[in-house]
Each structure stands twice: as C-alpha cells, then as structure tokens.
Amino acid sequence: MSVHDTVVVGAGVTGLVAAWRLSQAGQDVLVLEARDRVGGRLRSELHDGSLFEIGGQWVSPDQDALTGLLDELGLQTYLRHREGASLYVDSGGGARRFTGEDLPVAADTAAAIERLIKGLDALTAEIDPDRPWDHPDAERLDHVTFQQWLQDNCDDVEARDNIALYVGQAMLTKPTWSFSALQALLMAASAGSFRHLVDADFILDRRVVGGLASVPLELAGRLGDRVRLGQDVTAVDYSDEGATVVVGPERIRARRVVIAVPPPLVRRIRFMPELPASHRHAREHQSFGLVIKVQVGFTTPFWREIGLSGTGFGPYQLVHEVYDNTPDGSTSGQLVGFISGEDADRVGALSDDERRAEVLESFAAYLGEAARTPVTYVESDWQHQELTGGAYGTSFDVGGLTRYGRVLRQPVGPIEFGTSDVAGLGFQHVDGAVRVGAEIAHRVLTSRDAP
Ligand code: FDA
C-alpha cells in the first residue's frame, strides 16, 4: 500500500492548486483523477484547425487569485474582442444596435433597469460572499425566489426579464423561480458587485493564450507523476489517524484527503464511517445548472466588417447571449452563444439536427443570414458527463443557503471538501477554484497534525 501525506481526489483547478501548494510546502502529495485528462470543467479542443474552449474561458479583472496564478505560471492573456456595436434582440425578434452598457429599450424600461441594478448593488454590498447566511435579512432573502423578488420590486416586465437574464440564464443557468434572492446576491457579491454581472466588458474581459485549460495543464505538468489519471475513487475509509482511499483494487493511505469534486459527485464515493447526515443533506440541495455552450466557426469574422462587435443579448431568444469568440491572432471568425435553463431542457431533447437548426436560427436573429452557415459547429456536453453533470456550476435551491451553506466547507476528520461551487469570492468560477484550493492547502498545512 502506498502512503502519502495528502491524497487529492479530482484534478480540476481546485484539486491541482491544493496539491501544488502542498507540494511546494514539502508534502508528499498524490492526485487521483477519474478522467483520462486533467482540468475538469476546463477543456480545449481543436476543430478544423482552430482552438475551441469547451468549458470555462473568461477572466475578469477582479479575479486576482486567478490572475496571480496566471502570472506565476507564466501564462499570457488577451482582451476579448469587443470593438463595434452590440445588438439587443427584443421580444418581437427585432435586433437593435447599441454601444456602451445601456440597452436600447424604452426610457421607462431603462430607468427601471437602472433602479433594479442600484437596489441590487446596495444589497450586494451588504453580503459577505464567504458568509451570505450572516446577513441580517438572510432568511427572508433566502426564502423568496429571485423571480418573486423581481416581481415585488419592479413593474416593468422587460426590465425584470433583462435582470433575470444576467443572473438566471447567464450565471446560475437555472430558472429564476428555482433559486433564492440571496443566492442571486451571492452570485453578485462573488463578482464584487451586481453591476459587474451586467457589464460584459468587465465580467468577460480577457482570455488566456492557448485557452484557460492551460492552467490545469501547467499545474499538472509541474506535479508530474504525482498526478494519476483514470483513477475513479470509489471509497474513503477514515479515522482521526488518517484515511485509506480506494481506487479499483488499490488502497492508498494518507494522513489527509482532499475531495475536490463538485458537491453532487461526493455521493459517488462511499465513506466509512458515513459522513454526518448534514453533509449529505447539504449536498443534495446543491445542484448543477444547465447551459449548452455553442460555438460556431466561419472563414472570417463577417460581423466585424459591418461594424458589429459580435456581442448580443436577447432575453427572449433561445441563444440568450452571443459573443465574438475568435482566438487572438486568428483570421477565421468564431461566435459563442449560450442556451440555458428550461430552454436547454427543451432543445436537449431534440435530435442533433433539429437543435442545430434552432440554434442557428437564433444566431441569425442577431447577426443575419450569414450566421446560419458556419463551417464548424461545436456544442459543449457537460450535462452528459457523469463526472461533471451540468454547467457552469452548482447552486442551492430556495432556502438552502441559510439552511446548509455553512456545512459545505466543513472538514470531516482528516477529509477536506471543496470546488469552485463552495467558493465565496469567485463562486462558480476558476478564480473561486484557485481560492478554495489554496485555502484547503493552508488548512492542511496549519492543522495540528500537519507533517
Ligand atoms: P471541476 O469540476 O473542474 O473538477 C473536479 C474534478 O474531479 C474533475 O476533473 C472530475 O473528473 C474529478 N472527479 C470527480 N469525481 C471523481 C472521483 N470519484 N475520483 C476522481 N476524480 C473525480 N469559469 C470561469 O472562471 N470563466 C468562464 O468563462 C467559465 N465558463 C464556463 C463555461 C462552461 C461551459 C463550464 C462547464 C464552466 C465554466 N466556468 C467558467 C466554471 C469553471 O470552469 C469551474 O468553476 C471550474 O473549472 C471548476 O473547477 P474545480 O476544480 O472546482 O471543479
């Protein structure tokens, strides 16, 4: 039986950062990853000679844990293409050009949007992203759906639909009736403010040369043979003296174990003794959202020639947001669009050809007929992968944050738990994975039984 200081289960960014920090501190670490690759929700693919980022890709300026790591790893970034006019597709399907952040809606609607943003910004400023349940009004905010909160605070339907888009479709990727106002505020607090969420030029500011998946690849490269692929951990036997991790016929002994897998996947692992019931309940109330990321490639970025940035928003469109996703330096053109929540449920049940036709029709609503005939069409597939299960991340159902939120980061004996899904700052983002990985490593190194 091999013996290590710490075994890390899961080679996403959280697990790899934890392992890298522990090994920098001199620990003997082993990372066990079930897939045949590292990176978890970060992965790049080549299609027709171009790089496509299938999972996470954008970096925003407030994400200083991630930008610090990018510097440390020597990875370069570039600005997302944004020159030109953006488009807003209204409920009648008409596309209108605009520049700046203000949507081209009626003056009353614009004023209602601004009032909602100001109100949400004020509430967000009161929320500690690491402890949203400590807000004096946390329970009330966690017991009302975000949909209801919007209805209670705004009479303008189009204003509500746009604010719902920024948090529901675009971030938590769930219908706004399925999560609480407090969960929406946590999403905003984790990004610094509500206004940040509505500012695409801020929240989707930069990309990494070679793709964001270069982060886990670089970390794994440094860890070398301390990362083992194809190791689906099925059981952890633990006591105060340490743990035995079971992978197939093998048993690996460690003083500490880090379970760096998304909360719903912790159930795939059998713990002996069983985890406290509160842990099981907490994770049963945290579920993945669903978004289908679709990328289409063209021989040229044709929209740029007609003064468009490629950015578009359409709260009533199947593809609710669209961006120019052309990698820096490429002469071809790429667009990315997202289909989320119940729309994703519906088109997910169609045949591939039917779904593609609907998706391209929606791209065309923004960018015209030329958008119907891409040379490359790539859909992300996270909902079909048992080792993820959805996208972008997980969030609580109504009331879950105040009832269970504090449990998710609690260690049990020698076992630590965490992914970006339990982050405060950087919640559901790679920045959060970097923070959670570093925090876990710190706790392991400073605990009483640290080697
Ligand atoms: P992650 O899920 O990546 O890693 C967990 C690992 O554990 C996986 O490798 C899995 O295979 C492994 N595992 C599970 N069970 C196991 C077991 N029993 N034994 C061994 N291994 C096991 N973020 C961002 O910052 N900017 C963005 O633009 C986006 N956009 C985006 C788009 C899409 C489509 C997705 C899916 C996600 C994003 N994100 C994002 C979110 C971001 O990708 C995500 O927050 C982090 O990559 C999560 O990293 P973690 O390491 O926390 O979990």
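The structure presented is a predicted model; accordingly, all values stated were derived computationally and were not measured.

The rules behind these values
- Residues numbered from 1 in each chain as written.
- Predicted model: local features only at pLDDT ≥ 70, side-chain atom pairs only at ≥ 80, totals over all residues.
- Heavy atoms only, no water.
- Helix = DSSP H or I, 4+ residues; strand = E, 2+ residues; numbered from the N terminus.
- Rg over C-alpha atoms; globule rule 2.2 N^0.38 Å.
- Buried < 20%, exposed > 50% of the residue type's maximum accessible area, 1.4 Å probe, protein only.
- Contact = heavy atoms within 4.5 Å.
- Areas by Shrake-Rupley, 256 points an atom, 1.4 Å probe, with all protein chains shown as cover.
- Lys, Arg positive; Asp, Glu negative; His and termini not counted.
- Charge placed at Lys NZ, Arg CZ, Asp CG, Glu CD.
- Pairing = 2+ DSSP bridges.
- Right-handed = clockwise from strand over helix to strand, strands pointing away.
- Near = heavy atom within 4 Å.
- Polar contact = N/O pair within 3.5 Å; in protein donor to acceptor, adjacent residues only side chain to side chain.
- Nonpolar A, V, L, I, M, F, W, Y, C, P; charged D, E, K, R; others polar.
- Domains from an automatic or database assignment.
- Core = buried A, V, L, I, M, F, W, Y, C linked by side-chain atoms within 4.5 Å.
- Salt bridge = Lys/Arg side-chain N within 4 Å of Asp/Glu carboxyl O.
- Phe/Tyr/Trp six-rings, centres within 6.5 Å; stacked < 30°, edge-to-face > 60°.
- Bend = angle between axes of the 7 residues up to and from the residue.

Here we come to the overall build of the chain. Scanning the chain from terminus to terminus reveals 16 helices and 22 strands. The C-alpha atoms of the chain give a radius of gyration of 22 Å, which matches the 22 Å a tight globule of 451 residues would have. Its C-alpha atoms give the chain principal-axis dimensions of roughly 65 × 50 × 40 Å. The buried share of the chain, taken over its 451 residues, is 60%. Considering only contacts within the chain whose residues lie at least 6 apart along the sequence, 74% involve residues at least 24 apart. Within the structure as shown, the chain displays about 17400 Å² of accessible surface, and the carbon and sulfur contribution to it stands at 49%. Across the chain, the centroid of the 42 positively charged side chains sits 5 Å from that of the 64 negatively charged ones.

This brings us to the pairing of strand E1 (residues 3-9). Most of E1 sits inside the fold, with six of its seven residues counted as buried. For E1 and strand E13 (residues 250-259), the ladder comprises six bridges, and the chain directions are parallel. Each residue of the ladder has a partner; that of His4, found in E13, is Ala254. Across four bridges, the pairing between E1 and strand E2 (residues 29-32) is parallel. Counted as the bridge partner of Val7 is Leu30 from E2. One crossover worth recording links E1 to the parallel E2 by way of helix H1 (residues 13-24), and it is right-handed.

Okay, the site of the ligand next. In the neighbourhood of the ligand, 36 residues make up the surrounding shell, with Thr14, Glu33, Arg41, Trp58 and Ser420 lying closest. The separation between a nitrogen atom of the ligand and a polar main-chain atom of Ala34 is 3.1 Å. In the environment of the ligand, an oxygen atom lies 2.8 Å from a nitrogen or oxygen atom belonging to the backbone of Arg41. Where the shell around the ligand is concerned, the elements lending two or more residues are H1 and helix H16 (430-446). Partitioning the shell around the ligand into residue classes produces 18 nonpolar, 13 polar and five charged. Formed jointly, the shell around the ligand draws a minimum of three residues from each of two domains, domain 1 (2-41 + 213-275 + 412-445) and domain 2 (44-56 + 78-82 + 203-208 + 290-384).

This part takes up the nonpolar core. One finds Phe146, Trp149, Ile163 and Val215 to be the most contacted residues of the largest nonpolar core, which totals 99 residues. Counting 25 residues, the second largest nonpolar core, distinct from the first, contains Phe298, Phe302, Tyr366 and Tyr377.

This brings us to the domain arrangement of the chain. Annotation of the chain at the domain level lists domain 1 (2-41 + 213-275 + 412-445), domain 2 (44-56 + 78-82 + 203-208 + 290-384) and domain 3 (104-198). Measuring from the centre of the C-alpha atoms in domain 1 to the corresponding centre in domain 3 gives 33 Å. Domain 1 puts six residues into the contact, and the matching count from domain 3 is nine residues. Counting the contacts that link domain 1 with domain 3 gives zero salt bridges. Of the residues in the side of domain 1 that touches domain 3, the class split is two nonpolar, four polar and no charged.

Applying the stated rule across the entire model yields 11 aromatic pairs. Ring centres 6.2 Å apart and planes at 15° place the aromatic pair Phe146 and Trp149 in the stacked group. In this pair, Phe146 and Trp149 are both assigned in helix H5 (residues 146-153), three residues apart and thus about one turn of the helix distant. Take Phe146 and Trp149: they sit in the same class, and that class is buried. On the basis of an interplanar angle of 70° and a centroid distance of 6.4 Å, the ring pair of Tyr166 and Phe313 is categorised as edge-to-face.

Moving on: the sheet that holds strand E6 (residues 77-79). What the three strands build is an open sheet, ordered E5-E9-E6; its pairing is antiparallel. Across the chains shown, the open sheet's two edge strands, defined by having one partner strand only, are strand E5 (58-59) and E6. Direction of pairing for E6 relative to strand E9 (residues 206-208): antiparallel, over a ladder of three bridges. Within the sheet, the bridge partner assigned to Tyr78 lies in E9 and is Arg207.

With that settled, the discussion passes to helix H6 (residues 157-172). At Leu165, H6 shows its maximal kink, close to 45°. Where H6 terminates, the next one or two residues include Thr173, which has phi positive at roughly 55°.

Side chains of E2 alternate between two faces, with Val29 and Val31 and Leu30 and Leu32 buried alike. Examined bridge by bridge, E2 and strand E10 (residues 227-228) share two bridges and lie parallel to one another. Bridged to Leu32 within E10 is Arg228.

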